[in-house]
Each structure stands twice: as structure tokens, then as C-alpha cells.
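Residues per chain, in single letters:
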Amino acid sequence: MIKVAPSLLASDYAAFGDALEKVISSGADALHYDVMDGTFVPAITFGQGLLSRLSTRGFPIDAHLMTIHPEKHIDSFADAGARCITVHQEAAGFALCDILRRIRARGCLAGVSVKPFTSVDAISDCLELCDLVLIMTVEPGKGGQKLIPFTLEKVKRLRGLCRERGLDPIIEVDGGINTETAPLAVNAGANMLVAGSAFFKAEDPAAFVRTLKQI
Ligand code: DX5
Ligand code: ZN
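Residues numbered from 1 in each chain as written. Chains lettered and ligands numbered in written order. Predicted model: local features only at pLDDT ≥ 70, side-chain atom pairs only at ≥ 80, totals over all residues. Heavy atoms only, no water.

## Things to note about the coordination of the zinc ion (ligand 2)
Phase 1: Binding of the zinc ion (ligand 2) to the protein goes through His32 (NE2), Asp34 (OD), His64 (ND1) and Asp174 (OD), at separations of 2.0 to 2.3 Å.
Phase 2: What the 6 donor atoms of the zinc ion (ligand 2) show is an angle range of 69 to 168° at the metal, which sorts the shape as octahedral.
Phase 3: Counting residues between consecutive donors of the zinc ion (ligand 2) along the chain gives the motif H-x1-D-x29-H-x109-D. Remark: Asp174 occurs in strand E7 (residues 170-174) and Asp34 occurs in strand E2 (residues 31-36); sequence separation between them is 140 residues. Of the two residues, Asp34 and Asp174, neither departs from the other in class, the shared state being buried. (Donors = N, O, S within 2.8 Å, 3.2 Å for Na, K, Ca; no water. Tetrahedral: all angles 85-135°; square planar, octahedral: opposite > 155°, others 65-115°. Helix = DSSP H or I, 4+ residues; strand = E, 2+ residues; numbered from the N terminus. Buried < 20%, exposed > 50% of the residue type's maximum accessible area, 1.4 Å probe, protein only.)

Below, the structure written as C-alpha cells:
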């Protein structure tokens, strides 16, 4: 079954509560929460405070940390109520396995993300510790970009690596996902789709989610 996680990044920033209700009533599986620190990526978005308000609704929140020093933020995002915490391999470096263990120890799903030009081999040593692997299908930093086709080859390769090792993490794709690109990502092996612009621009968000889940 394909899971869908609309990204808050593309919502109306004057009405985050309404955006969350829209996501819940659409039948989506989680809210994707893009944390940008102005250093790992140029923009700055939102942090633990807003997440702790939104998480009181009891709906799963998938925190995508586009930050340097992700180890500094694990406890505060876990305290804020994130269901899943995803850190970037490029930011975690040699500490990646430790960080993933710490996320699990806090009772959250542990995720790792790779940017388009980072090979999936860079996370191979820590694959056993991943509940989720997020393959960025655009350069992180902003919404509304076009999916970069070669990133889907990485999804395929990752699916193969996991199969060889008897692992079955969630494979999530993020960036440029819409009704045209989603089938390509699912065929490559993704089973969780993040959609920002396409979800919030959809005339009928529930129909949009149904279409993606039926692929
Ligand atoms: C980009 C973010 C994405 C973004 C996707 O850095 O990680 O989650 O919201 O937006 P769309 O779906 O518009 O490409
Ligand atoms: Zn994201």
C-alpha cells in the first residue's frame, strides 16, 4: 500500500491548523514537515514549537530535518511529538548510525535522506538502522521544482540493496511528485510519496490522495 504525506511547506502560512485539517480529511497517512535551517539549505522554515502544536491533533508527523548538526535536534523534535525524524546523510556524516539509534531510542521512526547527487552507497553501513529512507527527487530547499529523473535510478538501486539484505524500510520520495511522476517513483520501488504543491493546489485533495494510493 502506498502512503502519501502532504508537505506543509506548500500550505498557506497564515493557517497551519487549517492545512493540517485538510491533510487529515484527505485520507493522507502523515504530514510531511520540512525543517530548513538557513545553512544546510538557504531558506528557514519552521521548528519544534509549531510541530508541538500540530502534533496535539494526534496525526503522524514526518519531520524532514534539512539542518546541519541534526544530532542537536533529535530530542527536541521527539519531545515535540514527531512520529518520524529524518536526517540528511550529508549533514550527519560519521555520526549517522548513532543518530539513527538515538531516534529509535526516543520511540520515533528513524529516517535518513540523501540529496540527488549523494549515492545510496553512502548510507549502506546504516541501512539496518533505518525505518525509512528518503530519496530526494529534487535539490532540497524549496517546493515546486521538477523531479530529477536520474534520482529514480537510485530508488531502484536502493530497493535492490534492501532486498539483497532482507531489509524493508519505507522508501520515500520527495520533490516534484504529482499524478504524472508518482507512478514512475512507485515503479522504481518507492512506497511513500511526499507531495507539496500538487496536494495543496489540487481542486479535490482527497481525490488526489486516492489517485496516488491506488498506483
Ligand atoms: C523540498 C522539500 C519538499 C517540498 C516538496 O526541499 O523537502 O518536501 O515540500 O515540494 P513539492 O512537492 O512542491 O516539490
Ligand atoms: Zn521534505
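Still more ground to cover, so stick around.
## A few points about unusual backbone geometry
Phase 1: Backbone geometry places His69, a non-glycine residue, at a positive phi of 45°.
Phase 2: With respect to the element layout, His69 can be found in the loop between strand E3 (61-66) and helix H3 (74-80).

## Points about the site of ligand 1
Phase 1: Lining the immediate environment of ligand 1, one finds 20 residues, of which Asp34, Gly141, Asp174, Gly196 and Ser197 sit closest.
Phase 2: One of the side-chain N or O atoms of Asp34 is found 2.7 Å from an oxygen atom in ligand 1.
Phase 3: Taking 380 Å² as the accessible area of ligand 1 by itself, protein coverage stands at 98%.
Phase 4: More than half of the atoms belonging to ligand 1 lie within 2 Å of the grid points that define the largest pocket.
Phase 5: Elements that contribute at least two residues to the shell around ligand 1 include exactly E2, E3 and strand E8 (192-195).
Phase 6: In terms of residues, the shell around ligand 1 owes the most to one element, E2, which gives 3 residues.
Phase 7: In the shell around ligand 1, the residues fall into 7 nonpolar, 10 polar and 3 charged. (Near = heavy atom within 4 Å. Polar contact = N/O pair within 3.5 Å; in protein donor to acceptor, adjacent residues only side chain to side chain. Areas by Shrake-Rupley, 256 points an atom, 1.4 Å probe, with all protein chains shown as cover. 1 Å grid on protein atoms, 1.4 Å probe; cavity = no way out; pocket = protein on both sides within 12 Å on 5 of 7 lines; lining within 4 Å. Sits in = over half its atoms within 2 Å of the grid points. Nonpolar A, V, L, I, M, F, W, Y, C, P; charged D, E, K, R; others polar.)

## A look at the layout of surface pockets
Phase 1: When its volume is computed, the largest pocket comes out at roughly 460 Å³.
Phase 2: What lines the largest pocket is a set of 31 residues, among which Gly143, Gly144, Gln145, Gly175 and Gly176 lie closest to the centre.
Phase 3: Within the residue set of the lining of the largest pocket, elements represented by two or more residues are E2, E3, E8 and helix H8 (197-201). (Points joined across faces, edges and corners; volume = space filled by probe spheres on them.)

## A word on helix H9 (residues 205-213)
Phase 1: Those residues of H9 that fall on the buried side of the exposure criterion are Pro205, Phe208, Val209, Leu212 and Lys213. The arc enclosing the buried residues of H9, seen along the axis, measures out at 130°, which places them on a common side.
Phase 2: Tucked into the core, H9 has its buried residues touching strand E1 (3-6), helix H1 (16-25), helix H7 (182-188), E8 and H8. (Arc of directions from axis to C-beta. Contact = heavy atoms within 4.5 Å.)

## Here we look at the nonpolar core
Phase 1: The biggest cluster of nonpolar side chains holds 65 residues, and the ones touching the most others in it are Tyr33, Ile85, Leu158 and Leu193.
Phase 2: With residues up to four places along the chain from it excluded, the contact list for Leu158 reads Val120, Ile123, Leu127, Val133, Ile135 and Ile171.
Phase 3: Counting 10 residues, the second largest nonpolar core, distinct from the first, contains Cys84, Leu132, Met192 and Val194. (Core = buried A, V, L, I, M, F, W, Y, C linked by side-chain atoms within 4.5 Å.)

## As for the state of the cysteines
Phase 1: For the structure on display, the rule yields 1 disulfide.
Phase 2: Bridging Cys97 to Cys126, the disulfide has an S-S length of 2.1 Å. Because the sign of the S-S torsion sets the handedness, a value of about -95° for the bond joining Cys97 and Cys126 places this disulfide among the left-handed ones. Placement of Cys97 in helix H5 (residues 96-105) and of Cys126 in the loop between strand E5 (109-114) and strand E6 (132-136) is noted, with a sequence separation of 29 residues between them. No difference in accessibility class separates Cys97 from Cys126, as the two residues are buried.
Phase 3: Counting only cysteine sulfurs, Cys84 is the nearest neighbor of Cys108, a cysteine outside any disulfide, at a range of 8.0 Å.
Phase 4: Judged by its relative accessible area of 7%, Cys108 is buried. (Disulfide = S-S within 2.5 Å.)

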